[in-house]
Amino acid sequence: MTLETLLREGFAELGLPLDETALRRYRLYADTLAEKNAVMNLTAIEGEEDVARLHFLDCAALLQGFALAGKSLIDVGTGAGFPGLALKIACPSLELTLLDSLEKRVRFLHECCEALDFPDVRCVHGRAEDGVIFRGAFDCATSRAVARLRVLCELCLPLVKKGGLFLAMKGPEVEEELREAQNAIRLLGGSVERVFRYQIPGTEVHHTVVAIRKTGDSPAKYPRPWAQIKKKPL
Ligand code: SAM
């Protein structure tokens, strides 16, 4: 099946709209990703069908559970742009910042945003724990495949405004990570709002999104330097 057919069917199954501009942008993104992935390590997911399902539809599924139109969002450890850039295509009113610690991936993101005609997307090279200028700046933070939840909370919750949401994209089994993250969530001013479960259309893959509402303040001493976060996670 072509990327276009998979996306049309997948979006319909998710109950989400997909217009021709978005479809053209997904095609361009997939082609750019395939071309660059051949010469630099951007993603282990390859081939049109897997990119359509395991990247684009997996990320778009977030919109089934959460209204993001017009929101400011930072995607922490975005890599080749997931979920951030894939969400922006489906929801162009998103005010998007893409953050990654690997410079070559951020260079790729700049090129991609230019090709996709997204001049408003901010692509930032840096580490989340160093992001002092972004403190409390976003309605929403997302992260997929970056770290365990207790660590992610320290990286992401300080970036979110009070009242905003941190959406952690996780695999099917999240209970243990959630238990382990209780202390971090509490210390950083968060509270678990819900665990959204979904199946990626056209697959047997089940994923979850842990939605953490920032109900309080994140104390100024967090995030700590990476060495400390790693050695002694909250
Ligand atoms: N989120 C993407 C996805 O799901 O395809 C990429 C996942 S990749 C396994 C993890 C990415 O997180 C890498 O690109 C790495 O450079 C980035 N990363 C890890 N720790 C980070 C940190 N503290 N701040 C910013 N980026 C980080």
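I will try to describe carefully the structure that is included in this document. (Residues numbered from 1 in each chain as written. Predicted model: local features only at pLDDT ≥ 70, side-chain atom pairs only at ≥ 80, totals over all residues. Heavy atoms only, no water.)

**Concerning the site of the ligand**
The full set close to the ligand counts 16 residues, and G77, F82, D100, R105 and R144 are the nearest of them. The contact in question runs from a nitrogen atom of the ligand to an N or O atom on the backbone of F82, over 2.8 Å. Relative to its unbound accessible area of 600 Å², the ligand is 80% covered by the protein chains. Of the pockets mapped on this structure, the ligand occupies the largest pocket. By residue class, the composition of the shell around the ligand is six nonpolar, five polar and five charged. (Near = heavy atom within 4 Å. Polar contact = N/O pair within 3.5 Å; in protein donor to acceptor, adjacent residues only side chain to side chain. Areas by Shrake-Rupley, 256 points an atom, 1.4 Å probe, with all protein chains shown as cover. 1 Å grid on protein atoms, 1.4 Å probe; cavity = no way out; pocket = protein on both sides within 12 Å on 5 of 7 lines; lining within 4 Å. Sits in = over half its atoms within 2 Å of the grid points. Nonpolar A, V, L, I, M, F, W, Y, C, P; charged D, E, K, R; others polar.)

**Description of the layout of surface pockets**
What the largest pocket holds in volume is close to 480 Å³. Lining the largest pocket are 25 residues, and of these G77, G79, D100, A145 and V146 sit closest to its centre. Taken together, the residues that form the lining of the largest pocket break down as 13 nonpolar, seven polar and five charged. (Points joined across faces, edges and corners; volume = space filled by probe spheres on them.)

**Section: the pairing of strand β7 (residues 206-214)**
Counting buried positions along β7 yields seven of nine residues, so the element is predominantly enclosed. Relative to β7, strand β5 (residues 160-170) runs antiparallel, the two being bridged by six bridges. Paired with L167 across the two strands is A211, which belongs to β7. The turn joining strand β6 (residues 190-199) and β7, which pair antiparallel and follow one another in sequence, is formed by six residues; a positive phi near 80 degrees is taken by G202. (Buried < 20%, exposed > 50% of the residue type's maximum accessible area, 1.4 Å probe, protein only. Helix = DSSP H or I, 4+ residues; strand = E, 2+ residues; numbered from the N terminus. Pairing = 2+ DSSP bridges.)

**Some details on the environment of F196**
Mapped onto the fold, F196 is located in strand β6. Note on F196: relative accessible area 11%, which makes it buried. Note: C-alpha distance between F196 and T208 (12 residues apart in sequence) is 5.5 Å. Beyond its immediate sequence surroundings of up to four residues, F196 is in contact with A61, Q64, G65, F66, H207, T208 and V209. (Contact = heavy atoms within 4.5 Å.)

**Remarks on the side chain of E129**
Its place among the elements puts E129 in the loop between β3 (122-125) and β4 (138-144). Polar contacts involving the side chain of E129 include one to the side chain of R127, which spans 2.5 Å. Not counting residues within four places of it along the chain, the set of residues in contact with E129 comprises L155, P223, R224, W226 and I229.

**Some details on the sheet that holds β4**
In spatial order, the strands read β3-β2-β1-β4-β5-β7-β6; together these seven strands make up an open sheet with mixed pairing. Either end of the sheet is taken by a strand with one partner, and the two such strands are β3 and β6. Ignoring which end each strand starts from, the neighbouring axes of this sheet average 20 degrees apart. In this structure, strand β1 (residues 72-76) lies alongside strand β2 (residues 95-100), joined through five bridges in parallel fashion. Counterpart to S72 in the pairing with β2 is E95. Each of β2 and β3 is contacted by helix α6 (residues 103-115), which is oriented at about 170 degrees to β3, the strand it contacts most. (Axes fitted to C-alpha atoms, helices over the stretch in contact; angles between N-to-C directions.)

**Section: the packing of helix α1 (residues 3-14) against helix α3 (residues 48-60)**
Put simply, α1 and α3 touch, their axes get as near as 10 Å, and they point 30 degrees apart. For the element pair α1 / α3, the angle class is roughly parallel. Our pair here, α1 against α3, has a crossing hand that is right-handed. Here L3, L6, L7, G10, F11 and L14 of α1 come into contact with α3, specifically with E48, E49, A52, R53, F56, L57 and A60. (Parallel < 35°, antiparallel > 145°, perpendicular 65-115°, else oblique. Left-handed = near helix turned anticlockwise from the far one by under 90°.)

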